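# Descriptive structure summary
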Amino acid sequence: MKSIFLSLIIIATTFHALAQDVQPDKIPTVVKNTFVTKYPKAVSPKWTHANRIYNAEFKIGLSDHQATIDSLGNLLKHQYEITFRSLPKAVNDNLNANYPEAKIENVEQVDVGRTASYIVHLRDVTGLHHISFNQEGKETAKK
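## What about the side chain of Asp-111?
- Its location among the elements puts Asp-111 in strand E6 (residues 103-112).
- The side chain of Asp-111 sits in the buried core without any salt bridge; Lys-38 is the nearest counter-charge, 10 Å away.
- A polar side-chain atom of Asp-111 sits 2.9 Å from a polar atom in the side chain of Tyr-80.
- Residues contacting Asp-111, with those up to four places away along its chain left out, are Leu-76, Lys-77, His-78, Tyr-80 and Ala-116.

## A short note on the environment of Thr-68
- Here Thr-68 lies in strand E4 (residues 63-70).
- Under the relative-accessibility criterion, Thr-68 is labelled buried at 12%.
- Considered as a pair, Thr-68 and Trp-47 are 21 residues apart in the sequence and their alpha carbons are 9.8 Å apart.
- If sequence neighbours within four positions are ignored, Thr-68 has contacts with Ile-53, Tyr-54, Asn-55, Asn-74, Leu-75, Leu-76 and Lys-77.

## Focus on the pattern of salt bridges
- A full pass over the atoms with the stated rule returns three salt bridges.
- As a salt-bridge pair, Asp-64 and Lys-59 come within 2.5 Å of each other at their nearest N and O atoms.
- A salt bridge links Arg-123 to Glu-105; its shortest N-O distance comes to 2.7 Å. Taken together, the residues span a long stretch of sequence, with Arg-123 in strand E7 (residues 115-124) and Glu-105 in strand E6 at a distance of 18 residues.

## Focus on the pairing of strand E3 (residues 53-60)
- Bridge count between strand E2 (residues 43-50) and E3: six bridges; the pairing is antiparallel. Counted as the bridge partner of Lys-46 is Glu-57 from E3.
- Connecting E2 to the next strand, E3, in antiparallel fashion are two residues, including Asn-51 with a positive phi near 50°.
- By the bridge criterion, eight bridges tie E3 to E4 in an arrangement that is antiparallel. When the bridges of E4 are listed, Glu-57 appears paired with Gln-66.
- Remark: two residues form the turn of the hairpin made by E3 and E4, two consecutive strands paired antiparallel; Gly-61 in that turn has positive phi of roughly 65°.

## Let's talk about the sheet that holds E3
- The nine strands are arranged E1-E2-E3-E4-E5-E6-E7-E8-E9 in an open sheet whose pairing can be described as antiparallel. The open sheet is flanked by strand E1 (20-21) and strand E9 (139-142), the only strands paired with a single partner.
- Inspection of the sheet shows E4 paired to strand E5 (residues 75-82) by five bridges, in the antiparallel sense. When the sheet's bridge partners are listed, His-65 is paired in E5 with Tyr-80.
- Of the strands in this sheet, E2, E3, E4 and E5 touch helix H2 (residues 29-38), which is tilted by about 145° from E4.

Cut-offs and rules
- Residues numbered from 1 in each chain as written.
- Predicted model: local features only at pLDDT ≥ 70, side-chain atom pairs only at ≥ 80, totals over all residues.
- Heavy atoms only, no water.
- Helix = DSSP H or I, 4+ residues; strand = E, 2+ residues; numbered from the N terminus.
- Buried < 20%, exposed > 50% of the residue type's maximum accessible area, 1.4 Å probe, protein only.
- Lys, Arg positive; Asp, Glu negative; His and termini not counted.
- Salt bridge = Lys/Arg side-chain N within 4 Å of Asp/Glu carboxyl O.
- Polar contact = N/O pair within 3.5 Å; in protein donor to acceptor, adjacent residues only side chain to side chain.
- Contact = heavy atoms within 4.5 Å.
- Pairing = 2+ DSSP bridges.
- Axes fitted to C-alpha atoms, helices over the stretch in contact; angles between N-to-C directions.

Structure below.
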């Protein structure tokens, strides 16, 4: 699981570095169809692409979302903001045990296939940290 998550971080970082803005009329129909089907309430998507992978940043309500879709219309990843209360109990337990003095600034869920992971952005006396957890509450990465 750790290697999968680290691979996703590397892919996302590389994608972001190489990505180019793309106009909505230049997005393949199959990609647009997947996006509209999965996110009918999405507002103002901003599209980028690199190496036949399309990335849309958008809002649903007040929540920021990011979807990664390949040129065949397969949804590869969906990352979005969630509330602290939405975290699994195991993740909350880990945070309470290992970061009791930290202030949580933001929480995101990352769905890849049927697997969810969580990124918690927290601040403590040493600064801002981005900590990733799997569904069982195990810490998988920390920046």
